[in-house]
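# Descriptive structure summary
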Amino acid sequence: MMNRRTFGKVLGAGTTSTAAASSAGTPASSSVSATARTGAGAAGPDKARGTPSFGALKRIRAGELSIGYVEAGPAHGPAVLLLHGWPYDIHSYVEVTPLLATHGYRVIVPYLRGYGTTTFLSPKTFRNAEQAAFALDVIALMDALRIERAVLGGFDWGSRTADIIAVLWPERCKALVSVSGYLITDRKQQRLPLPPAAEWAWWYQYYFSTERGELGLAEHRKDFARLIWHNVSPTWHFSDAAFDRTAQAFDNPDYVRIVIHNYRWRLGLAPGDPRHDALEARLAEGPPVHVPTVTLDGALDPFTPPGDGAAYRGRFTGPYAHRTLKGIGHNVPQEAPEAFAQAVLEADGM
């Protein structure tokens, strides 16, 4: 989920800091109402299950993939791309999306490779899950949708992907919202140990390094995800319906291969695609992010680094703000949708 080197210890408390975003550069007002739960083509109440839901899914050919995604808001509004992580899916943004659509944004939420309705175009394509591959997928999606620039927001794998686009293709990234700060992976640093408490939080990464772990994920993918959700978001009381809705994304035929390769690649246990070596070499240098950025931390997320954002502050050299969300765990956009949407408005108005 995160870059291990940014985490010094397991954190269980934090502070909340909120501020009104500047209205400059935003398509509507600068604050998000907790009551704005619906938007054009966006999430609405699922009366059968009592949970919000998206409208119809779309698909588009982009790069190596046929990407499944949802879209909300005006077709010609300023674009926002929202990127999920593991073990989650597009529904992490099911409440963020209408909040932003109401403010006039064109909101795009894609399934990452290996999730949901996103599939590879060819059975011969390497099921590569190194970090550069996800970023290239998003660039291909933007090209296919004819989106020149967008505000990018993400958590977990999505934060890493958004961070990479911000540093490699800053002309495509108008502003950035990154949960847990700077998550670009340096595989050399990954070889170094962390304090035991931090290593304990990463137990599944080592489990996935084994054949037993791969078989375990394949056999128990939904139980595995539910366990992770509970462990990393200890105060999030999600419903069975909300979990089951997301768990369908793990039925993708490439899900296990993508998850296993991602974690093994990070530890240097699996090769990447040689075509991406030049990009990975640039990322290994830890390039700074220059675009306007808001970083968010969940105070109860076991992967939140200490220091209220100080651990990664130096990585962001442009306009910048940080928020630590008290009582919130790992899945920030689903646990605190208003705070996440507000961060998008704030970053876009910097």
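Basis of the calculations
Residues numbered from 1 in each chain as written. Predicted model: local features only at pLDDT ≥ 70, side-chain atom pairs only at ≥ 80, totals over all residues. Heavy atoms only, no water. Helix = DSSP H or I, 4+ residues; strand = E, 2+ residues; numbered from the N terminus. Buried < 20%, exposed > 50% of the residue type's maximum accessible area, 1.4 Å probe, protein only. Polar contact = N/O pair within 3.5 Å; in protein donor to acceptor, adjacent residues only side chain to side chain. Contact = heavy atoms within 4.5 Å. Phe/Tyr/Trp six-rings, centres within 6.5 Å; stacked < 30°, edge-to-face > 60°. Lys NZ or Arg CZ within 6 Å of the ring centre and 35° of its normal.

### With respect to the side chain of His322
Position of His322 among the secondary structure elements: in strand S11 (residues 320–325). For His322, a relative accessible area of 14% gives the class buried. Here the side chain of His322 touches Thr295 through a polar contact of 2.9 Å, side chain to side chain. At 3.2 Å, the side chain of His322 forms a polar contact with the side chain of Asp308. Filtering out sequence-adjacent residues up to four positions away, His322 remains in contact with Thr295, Asp297, Asp308, Gly309 and Tyr312.

### Considering the environment of Tyr207
Positionally, Tyr207 belongs in helix H6 (residues 203–207). The spacing of Tyr207 and Leu217 is 10 residues in sequence and 9.4 Å in space, taken between C-alpha atoms.

### Thoughts on unusual backbone geometry
With an omega dihedral of -5 degrees, the bond running from Trp86 to Pro87 counts as a cis peptide bond. Examined against the element boundaries, Pro87 turns out to sit in the loop between strand S5 (79–83) and helix H1 (96–102). Positioned with a positive phi, Arg146 is a non-glycine residue whose angle comes to about 60 degrees. By secondary structure assignment, the location of Arg146 is in the loop between helix H2 (131–144) and strand S8 (150–154).

### Overview of the packing of aromatic side chains
Within the structure shown, the criterion is met by 32 aromatic pairs. Between Trp203 and Tyr204, the ring centres sit 6.1 Å apart and the planes meet at 85 degrees, which makes this aromatic pair edge-to-face. Owing to a relative accessible area of 32%, Trp203 belongs among the partly exposed residues under this scheme. Against the face of Phe243 rests Arg226, its NZ or CZ located 4.2 Å from the ring centre.

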